[in-house]
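Next come the chains, spelled out residue by residue.
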Amino acid sequence: MEEEKSSLYDRLPLDLLTGFFYEINKNIEKGILSNAMYHEIRLIEQSALKRGISLEYSHDKAY
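What this report covers is the structure whose coordinates are included nearby. On a predicted model such as this, the values are computed, not experimentally measured, just so you know. (Residues numbered from 1 in each chain as written. Predicted model: local features only at pLDDT ≥ 70, side-chain atom pairs only at ≥ 80, totals over all residues. Heavy atoms only, no water.)

Things to note about the nonpolar core
Cut-off, in case you're wondering: The nonpolar core is taken to be a set of buried Ala, Val, Leu, Ile, Met, Phe, Trp, Tyr and Cys residues, with the residues joined through side-chain atoms within 4.5 Å. Throughout, exposure labels follow a simple rule: accessible area from a 1.4 Å probe, protein chains only, divided by the maximum for the residue type, with under 20% read as buried, over 50% as exposed, and the rest as partly exposed. Each helix is a run of H or I in the DSSP string that is no shorter than four residues. Each strand is a run of E no shorter than two, and both are numbered from the N terminus. We call two residues in contact whenever any of their non-hydrogen atoms come within 4.5 Å of each other.
One finds Tyr9, Leu12, Leu17, Phe21, Ile24, Ile28, Ile41, Ile44, Ala48 and Leu55 forming the largest nonpolar core, which totals ten residues. Listed by contribution, the elements that provide at least two residues to this core are helix H2 (14-30) and helix H3 (38-51). Considering each element in turn, this core owes the most residues, four residues, to H2. Not counting the four nearest positions on each side in its chain, tyrosine 9 is found in contact with Leu17, Phe20, Glu40, Leu43, Ile44, Ser47 and Arg51.

Here you go:
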């Protein structure tokens, strides 16, 4: 069986993970960050999936 690689995002607390997700998205939309940051978004989404959580639900609940 192949061992799954983990990212930094897998070790972050949920509130920090969702915060990164929304801040990166917001800055991409404003043109502050490049579209290359979508790779980071995918890593965050994968981490959320592994945890079985919804980033949207977690963010809405926190705010």
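Next comes the rest of the write-up.
Describing the packing of aromatic side chains
Basically, it comes down to this: Two aromatic rings, drawn from Phe, Tyr or Trp (for Trp, its six-membered ring), form a pair once their centres lie within 6.5 Å of each other, and the interplanar angle then sorts them: stacked below 30 degrees, edge-to-face above 60, tilted otherwise.
Within the structure shown, the criterion is met by two aromatic pairs. Residues tyrosine 9 and phenylalanine 20 carry aromatic rings whose centres are separated by 6.4 Å and whose planes lie at 80° to one another, so their mutual orientation is edge-to-face. Taken together, the positions of tyrosine 9 in helix H1 (residues 8-11) and phenylalanine 20 in helix H2 put the pair eleven residues apart, joining distant regions of the chain. Ring geometry for phenylalanine 21 against tyrosine 22: centres 5.0 Å apart, planes inclined by 85°, an arrangement best described as edge-to-face. Its relative accessible area of 6% is what places phenylalanine 21 among the buried residues.

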